[in-house]
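Structural description and commentary
Below are the chains, spelled out letter by letter.
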Amino acid sequence: MKKVLLMFLSLTCFTNLNAQNRYPIIPLPSHLAPQKGQFKLNAKVGIQDLTHNPITQIALKPLVEKCQLAAGISLKKAPNGASSNIIRITFDKHIDNPEGYLLQVSPTKIEIKAKEPAGVFYAVQSILQLLPPSIEQKEKVVSTRWDIPCVKIEDSPRFGYRGIMLDVSRHYMPFDFLKKYIDELASLKINRFHWHLTDGQAFRFESKKYPLLHTAKSPQWPTNEGYYSQDEMRALVKYAQDRFITIIPEIDVPAHSNAALVAYPQYACQDSTGKQLLYQGEFCPKEESVAFVNDIIDEVISIFPSEYIHIGGDEASKQAWKKCPNCQKRIKERGLKSIEELQSDFVANLEKHINEKGRKMIGWDEILEGGLAPNATVMAWRSLESGVEAAKMKHNAIMSPTSHCYLDYYQSEDPNEPIAFAGFINLPRIYSFEPVPDGLTAEEESYILGPQANLWTEQVPVGSHAEYMTFPRGVALAEVGWSKKEARNYTNFLDRLGSYLTRMDYRQVNYAKHFFEIKTSTTRAADQSIQLALLCDNNNAPIYYTLDGSTPTVQSFRYESPIPIKQNTNIKVATVMKDRIVDEISRTITFNKATGLLMQLTTPPSKRYQRGGIAALTNGMFGGNGRFNDEEWLGWNNQDFEGVLTWPNQQSFSKISLRFFHKPSSWVWIPRLVAVWGSNDGQNFELIHEQNVAVPSQEGVLTLDLNVGQKSFKYLKFKANVYGTIPANYTGAGDPAWLFVDEIVVE
């Protein structure tokens, strides 16, 4: 019996793997039944459209165009009576979901059934993924057989809302790039493009009524040029519609409006002396401001036909409102009980106007504060709980929490990653996201519309970087939004992802290659060499490396055991997935007398910032210059850094280097004082060096090189005194400063 069961399990695993290789569709379909044989796509094949709906022709366009370009096959109209060599499309009223479809591929024909053209479009996306990846080529491919494996697929999305947000206020993104970005979303069956058009930095929406808006910029971003004309926005709306994507525009108010208030300062708050109060760039919530914003909303509505208009509503500090006589007057006149209710009143007035125009309003979850506007949809970003709160109040919610859905966060521990926001969300993290929280009733769950991932662009200046931050994490989000919860499996997803990335290669998408996190560790051997270990949770896929600075290939050294390091070394490492090099990292190993020793700390670092452990202080590898939350930096809050290094014997040295992070905008400060002592018995320590540290003029890494003369000790004690209380006029004023320490080098 055990042998039979073993044989069955082996056969099942083989069948699943074979299905993944033969049907590498992303997002994973609801039901897929493999069939024998294949359909040969060639010049004899025609399209038999029995829907008689012009939008169906739009849905078929990606297949028609790509077959023409890459395969040189013209898919012309087939006679209604034809029964073979056809792609037949019909509408089926028995399909419940407007985006659902039935795809049946046999050796003689392809049948697509759908309730509406959207389902036809998504069936087309699945067909394209069943064709060889070179179908994405922009020119004719020779010597390729365009075979489609036979299959029966019944498919529909789990959620009706599947979104990606792109912020273009912080950095303008060219119109042609936006079209390419929308193409990628459409290929993933994502159906909402949330377009964040305005913020404190710039107002990208051309207003005919208020023409100064799109020319004004925040004083902090004086070179932040670019806006979208109304004609361009209408053209992008049409472009997205043809790909069954709805663009949801966002005009962010009442806060994040510095640029708008630079152009029209009469709508900002003023104190009793007439001084303008900006803080977070809030509009003064007086009648004139409401009318001004409603005028802009009217222009937005005239361009964007979407059901929803997003008004932001987030991160208003309300400090200006507390000091503004107009705000205090309005609170009394409208019988409001708090400053939070003042924001709710402002938002409710906007929602009333939007509803009167036949549209609905979305706001970030701060609109819950002070009472939720009657018909508003909440975009839950601060936590899942805000979405739960909205659902329990019988309001729709879109789940977009920072814990899983922020694409501006780092996606790798690699110190060489481009500068990003301080958070960390890697590919498995976003794939693990469950948009429906536990504890909701069936009725409450119905108010969860679906997931959305957000890309804010403070650190993302160009389109290629936006691609790098979005993909493949956006590919994972697409599967979260479409596929059944119980069917999702990360290993299965990675197997299908390999094929999908090849398609993205043909489309020249600059996706990130962080699928497996390659980690390094060093220990000191008896011969004083450093043993460099490479660790990677990559399903036992091979790891390759080079020591000469060249990019690893499958012909490079294959990692089998720790690598001995006896000098400063540049190592590049990569792992392999589906015969492609992925997750490349590079490390510079600084070989010195401290490398590989384990420091004994008097004060442990914060649990929040010790992912690399104590060994990170002496592993020979420097942390990132633009971030302090990778595995190389250790952080202390309101505590001094103090520890001791111990050698087996006395060591001669003349120079000590320490690295600290200085970023006051994030509460991180250099130490006030650094001191080093030496000892030969571990009890009596002699002061070697003491130095007051001047506050640098710029943020970044500060390296202190201490030339101490020729010394010889067995023990070295280090201390860096935390800066203390953050001074006035700095972020976090009055709070204790953070201290971040990286590598200690002894030469």
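One can find the structure itself at the top, above this paragraph.
Right, let's walk through the structure included here. All of these numbers come straight from a predicted model, not from anything done at the bench.

Quick word on the overall build of the protein
Counting its regular elements, the protein contains 16 helices and 33 strands. For 747 residues, the compact-globule formula gives about 27 Å, and the C-alpha radius of gyration of the protein, at 30 Å, lands near that figure. The proportion of buried residues among the 747 residues of the protein is 57%. Considering only intrachain contacts with a sequence separation of at least 6, the fraction spanning at least 24 residues in the protein is 71%. When the accessible surface of the protein is summed, it comes to about 31,200 Å², and 50% of that surface belongs to carbon and sulfur atoms. On the protein, the mean spot of the 80 positive side-chain charges and the mean spot of the 82 negative ones are 5 Å from each other.

Thoughts on the environment of Val745
Within the secondary structure layout, Val745 lies in strand β33 (residues 738–746). According to the relative accessible area criterion, Val745 is buried, its value standing at 5%. The spacing of Val745 and Glu351 is 394 residues in sequence and 60 Å in space, taken between C-alpha atoms. Residues in contact with Val745, not counting those within four places in the same chain, are Thr590, Asn592, Phe622, Lys655, Ile656 and Ser657.

Description of the nonpolar core
Counting 175 residues, the largest nonpolar core has Leu41, Ile87, Leu178, Phe193, Trp195 and Phe304 as its most contacted members. Residues in contact with Phe304, not counting those within four places in the same chain, are Trp195, Leu197, Phe205, Met233, Val237, Ile247, Pro249 and Arg359. By size, the runner-up hydrophobic cluster in this structure holds 36 residues, among which are Ile670, Leu716, Tyr723 and Ile744.

Considering the sheet that holds strand β3 (residues 76–77)
On the basis of which strands lie adjacent, the open sheet formed by 7 strands has the order β1-β7-β5-β6-β4-β2-β3 and mixed pairing. One side of each edge strand has no neighbouring strand; the edge strands of this open sheet are β1 (31–40) and β3. For strand β5 (residues 101–105) and strand β7 (residues 147–155), the ladder comprises 5 bridges, and the chain directions are antiparallel. Within the sheet, the bridge partner assigned to Val105 lies in β7 and is Val151. Against the sheet, helix α3 (residues 117–130) contacts β4 (86–91), β5, β6 (109–114) and β7, and its axis sits at roughly 40 degrees relative to β5.

Remarks on the side chain of Thr51
Within the secondary structure layout, Thr51 lies in the loop between β2 (46–49) and α2 (54–71). You can call Thr51 buried: its relative accessible area is 11%. Looking at Thr51, its side chain comes within polar contact range of the side chain of Thr56, at 2.9 Å.

So, the packing of aromatic side chains
Throughout the structure, instances matching the rule amount to 33 aromatic pairs. Seen in terms of ring centroids, Phe628 and Phe740 are 4.8 Å apart; in terms of plane orientation they differ by 50 degrees. Their pairing is tilted. Within this pair, whereas Phe628 is found in the loop between β27 (600–601) and β28 (634–637), its partner Phe740 is found in strand β33, the two being separated by 112 residues in sequence. Clustering of aromatic rings is evident, with ring pairs tying together Tyr172, Phe177, Tyr181, Phe193, Trp195, Tyr228, Phe304 and Phe471. Lying across the ring of Tyr239, Arg243 places its NZ or CZ 3.5 Å from the centre. Over the ring of Phe685 we find Lys717; its NZ or CZ atom is 4.8 Å from the centre of that ring.

Focus on the state of the cysteines
In total, this model carries 0 disulfides according to the counting rule given. Take Cys324: it sits in no disulfide, and the sulfur closest to it among the cysteines is that of Cys327, at 3.7 Å. Of all cysteine sulfurs in the structure, the one in Cys269 sits closest to Cys327, which takes part in no disulfide; the separation is 3.7 Å.

A few points about the sheet that holds strand β23 (residues 557–558)
Pairing is antiparallel in the open sheet, where 4 strands are placed in the order β23-β22-β25-β26. Pairing within the sheet leaves two strands with one partner each, and these edge strands are β23 and β26 (580–589). One ladder, built from 2 bridges, connects strand β22 (residues 543–546) with β23; its direction is antiparallel. If you follow Tyr545 over to β23, its bridge partner there is Phe557.

With respect to the packing of helix α7 (residues 287–303) against helix α10 (residues 339–356)
Working note: a packed helix pair is described by the angle between its axes plus the distance between those axes. For the pair α7 and α10, the least separation of the axes is 10 Å and the interaxial angle reads 35 degrees. Helix-helix and strand crossings are classified by hand; for α7 and α10 the assignment is right-handed. Mapping the contact onto sequence places Ser289, Val290, Val293, Asn294, Ile297 and Asp298 in α7 and Phe346, Asn349, Leu350, His353 and Ile354 in α10. Across the contact of α7 with α10, the residue classes tally to 6 nonpolar, 4 polar and 1 charged.

Description of unusual backbone geometry
Residue Pro27 is bonded to the preceding Ile26 through a cis peptide linkage, with omega at 0 degrees. Residue position: Pro27 is located in the loop between α1 (2–22) and β1. Of note, Asn85 is a non-glycine position whose phi angle comes to about 55 degrees, a positive value. Examined against the element boundaries, Asn85 turns out to sit in the loop between β3 and β4. A positive phi is found at Lys318, a non-glycine position, where the angle reads about 65 degrees. Owing to a relative accessible area of 7%, Lys318 belongs among the buried residues under this scheme.

Describing the layout of surface pockets
With a probe scaled to a water molecule rolled over the atoms, the places where space remains empty come into view. Considering only enclosed or pocket space, the largest pocket measures out at about 1,800 Å³ in volume. Looking at the lining of the largest pocket, the element that brings in the most residues is strand β18 (residues 421–424), giving 4 residues. Each residue belonging to the lining of the largest pocket can be placed in one class, and the counts come to 18 nonpolar, 17 polar and 13 charged. In this structure, the second largest pocket spans a volume of roughly 560 Å³. The wall of the second largest pocket is formed by 24 residues, among which Lys66, Lys138, Asp183, Tyr239 and Arg243 lie closest to the centre. Contributions of two or more residues to the lining of the second largest pocket are made by α2, α3 and α4 (175–187). At 6 residues, α2 tops the list of elements feeding residues into the lining of the second largest pocket. The residue inventory of the lining of the second largest pocket, partitioned by class, reads 9 nonpolar, 4 polar and 11 charged.

Here is what the cut-offs are and how they apply
Throughout, residues of each chain are indexed from 1 in the direction in which the sequence is written. In keeping with the model being predicted, local features are shown solely for residues with a pLDDT of at least 70 and side-chain atom pairs are shown and tallied solely at 80 or more, while totals for entire chains, interfaces and linings include all residues. Side-chain metrics rest on all non-hydrogen atoms present in the structure, leaving aside hydrogens and water. We count a stretch as a helix when DSSP gives it H or I for four or more residues in a row; a strand needs E for two or more, and each element gets its number in order from the N terminus. Radius of gyration means the value over C-alpha atoms here, while the globule rule gives 2.2 Å times the residue count to the 0.38 power. Each residue's exposure class comes from its accessible area (1.4 Å probe, protein chains only) as a fraction of the maximum for that residue type: buried when under 20%, exposed when over 50%, partly exposed otherwise. For this analysis, residues touch if any pair of their heavy atoms sits within 4.5 Å. Areas reported as accessible are Shrake-Rupley estimates using a 1.4 Å probe. Residue values count occlusion only from the protein chains shown. Here Asp and Glu are counted as negative and Lys and Arg as positive; His is not counted, and neither are the chain ends. To locate a charge, the coordinates of NZ of Lys, CZ of Arg, CG of Asp or CD of Glu are taken. Only buried residues count toward a nonpolar core, which is a set of Ala, Val, Leu, Ile, Met, Phe, Trp, Tyr and Cys residues joined through side-chain atoms within 4.5 Å. Two strands make a pair as long as DSSP finds a minimum of two bridges between them. Lines fitted to C-alpha atoms define the axes here, with helix axes fitted over just the stretch in contact, and angles between the N-to-C directions of these axes take values from 0 to 180 degrees. N or O atoms within 3.5 Å of each other form a polar contact, as long as, within protein, one can give a hydrogen and the other can take it, and as long as residues adjacent in sequence are counted only when both atoms are side-chain atoms. To pair, rings of Phe, Tyr and Trp, with the six-membered ring standing in for Trp, must have centres within 6.5 Å; the planes then decide the type, stacked if under 30 degrees apart, edge-to-face if over 60, and tilted in the middle. Charge over a ring is defined by NZ of Lys or CZ of Arg lying within 6 Å of the ring centre and within 35 degrees of the ring normal. When the sulfur atoms of two cysteines come within 2.5 Å, that pair is taken as a disulfide. Should the near helix be turned anticlockwise from the far one by less than a right angle, the crossing is left-handed, and should it be turned clockwise, the crossing is right-handed. Any residue that is not Ala, Val, Leu, Ile, Met, Phe, Trp, Tyr, Cys, Pro, Asp, Glu, Lys or Arg is counted as polar, Gly included; the first ten are nonpolar and the last four charged. Two kinds of site are reported from a 1 Å grid over the protein atoms alone, namely cavities, where a 1.4 Å probe fits but cannot get out, and pockets, open sets with protein on both sides within 12 Å along at least five of seven lines, and residues are called lining when an atom falls within 4 Å of a point. Grid points are joined across faces, edges and corners, and a volume is the space filled by probe spheres set on the points.

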